[in-house]
Amino acid sequence: MSFELLSSIRCFGGEQRRYQRFSEALASDTVFSVYMPATSVSTPVPVLYYLSGLTCTDENAVTKAGAQRVASELGIAIVFPDTSPRGEGVADDPEAAYDLGLGAGFYLNATREPWASHYRMEEYITEELPGWLTEIDGLDVSRSSLCGHSMGGHGAMTLAFKNPGAYRSVSAFSPICAPTSCPWGHKAFTAYLGPDESEWKAHDATELILAGAQQIPVLIDQGGADGFLEEQLKPELLMAACNETGFEVTYREQAGYDHSYYFIASFIEDHLRFHAIYLR
C-alpha cells in the first residue's frame, strides 16, 4: 500500500508534510507528519521521532512546539506519529476519559480486548513506521533518535531502553517516569495489559533502568510548576533508579514552567541540538 500525501507546506526552507497510510499494526488508517529540512533534497538526513502526550494527534507538536526552524538549521527530519489508532471500530474508553483509548495509546502493544485488536503502538513506532520512512526520499532511518512529551516521554524512554542500538539518543519533556506507580499508568496498564503488575514493568522507564537497561544519552527537562509533577510524573523515582544503577541522565528542572507547549517551545532547541550531536 502506498502513502497518501495529505498536505505539504513550505517551512523554513523545507517542507512540513502530512501523510496517511493503512497500518497493519493498528489495523486502521493512520496519519503522521514529517518535517523535511531543505538539505534532505541533496543528502539523506537523520530522523528524530517526536512522541506526543495524552489527547494529542500528530498535529499538536507540529503547530505548537516550534521545532522546524532549528531542525532546518541542523538538517534533521522530525517525524510526528499519532498517539493512538483511530477510526471506525477502534475501541475507546466508554466514559470518554482523556487518559484511556483514543489519544492515549501509551506506546505499548495491548494484550487485552477490546484493545489488542488495534492498540499496537509499540510495534507501529519501532517496526512499521521506520519501514515506511525508508520509502521517503531524503531520510536516513539508520540514524534515529527519540523525543517525547508526558505520555510520549514515557514512550520515548521505554522504547529506547527496550531496543538497544536502535536509537542514538533519547530526550523527554515532563515524562511519566514510573507509570507502574502513578494513576495514569495503573489505569492504562490494567486496561491494556491486565491486572498482573509484573507485566507492567516492561513499559516503565524506571523499572527498565533497575533491570539493567543499556546506557544511552538521555536528556530530561521537567517544569518545576507542573501540576502533574508529584502525582503522575514522579521523576524522583527515575533518578533514584539512576543513582542506584549508575545510569547517567541529564536531568533539568526548569523553575516556573508547567506541562504545556509553552514549556516545550522554550526548550525544544536544546533538545534538537542535543540529538544533533549523536545523529551526525
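Here we summarise the structure given alongside this text. (Residues numbered from 1 in each chain as written. Predicted model: local features only at pLDDT ≥ 70, side-chain atom pairs only at ≥ 80, totals over all residues. Heavy atoms only, no water.)

The next subject is the overall build of the protein. Helix and strand counts for the protein stand at nine helices and nine strands. Radius of gyration (C-alpha) of the protein: 17 Å, near the 19 Å computed for a compact globule of 280 residues. Expressed along its principal axes, the backbone C-alpha trace of the protein runs to roughly 50 × 40 × 35 Å. The buried share among the 280 residues of the protein stands at 58%. The contacts in the protein between residues at least 6 apart in sequence include a share of 72% that link residues at least 24 apart. On the protein, roughly 11200 Å² of surface is accessible, and the fraction owed to carbon and sulfur atoms is 49%. Taken as two groups, the 18 positive and 37 negative side-chain charges of the protein have centres that lie 7 Å from each other. (Helix = DSSP H or I, 4+ residues; strand = E, 2+ residues; numbered from the N terminus. Rg over C-alpha atoms; globule rule 2.2 N^0.38 Å. Buried < 20%, exposed > 50% of the residue type's maximum accessible area, 1.4 Å probe, protein only. Contact = heavy atoms within 4.5 Å. Areas by Shrake-Rupley, 256 points an atom, 1.4 Å probe, with all protein chains shown as cover. Lys, Arg positive; Asp, Glu negative; His and termini not counted. Charge placed at Lys NZ, Arg CZ, Asp CG, Glu CD.)

A word on the sheet that holds strand S3 (residues 28-36). The strands making up a sheet are joined through hydrogen bonds of the backbone, oriented either antiparallel or parallel. Strands sit in the order S1-S2-S3-S5-S4-S6-S7-S8-S9 across an open sheet of nine strands; the sheet is mixed. With partners counted over all chains shown, the strands left at the sheet margins are strand S1 (4-11) and strand S9 (250-254), one partner each. For this sheet, the mean inter-axis angle between neighbouring strands, taken without regard to orientation, is 20°. Where strand S4 (residues 45-51) meets strand S6 (residues 139-149), six bridges bridge the pair, whose relative direction is parallel. Bridged to Val 45 within S6 is Leu 139. Sitting on the sheet, helix H4 (residues 151-162) touches S4, S6, strand S7 (170-173) and strand S8 (218-223), and the angle it makes with S6 is about 135°. Contacting S4, strand S5 (77-80), S6, S7, S8 and S9, helix H9 (residues 261-279) runs over the sheet at an angle of about 175° to S7. (Pairing = 2+ DSSP bridges. Axes fitted to C-alpha atoms, helices over the stretch in contact; angles between N-to-C directions.)

This part covers the nonpolar core. With 63 residues, the main nonpolar core has Phe 106, Leu 133, Phe 161 and Tyr 192 as its most contacted residues. Filtering out sequence-adjacent residues up to four positions away, Phe 161 remains in contact with Val 170, Ala 205, Leu 208, Ile 209, Ala 213, Ile 216, Val 218 and Phe 247. Grouped together as the second largest cluster of nonpolar side chains are 24 residues, Ala 71, Ile 78, Ile 268 and Leu 272 included. (Core = buried A, V, L, I, M, F, W, Y, C linked by side-chain atoms within 4.5 Å.)

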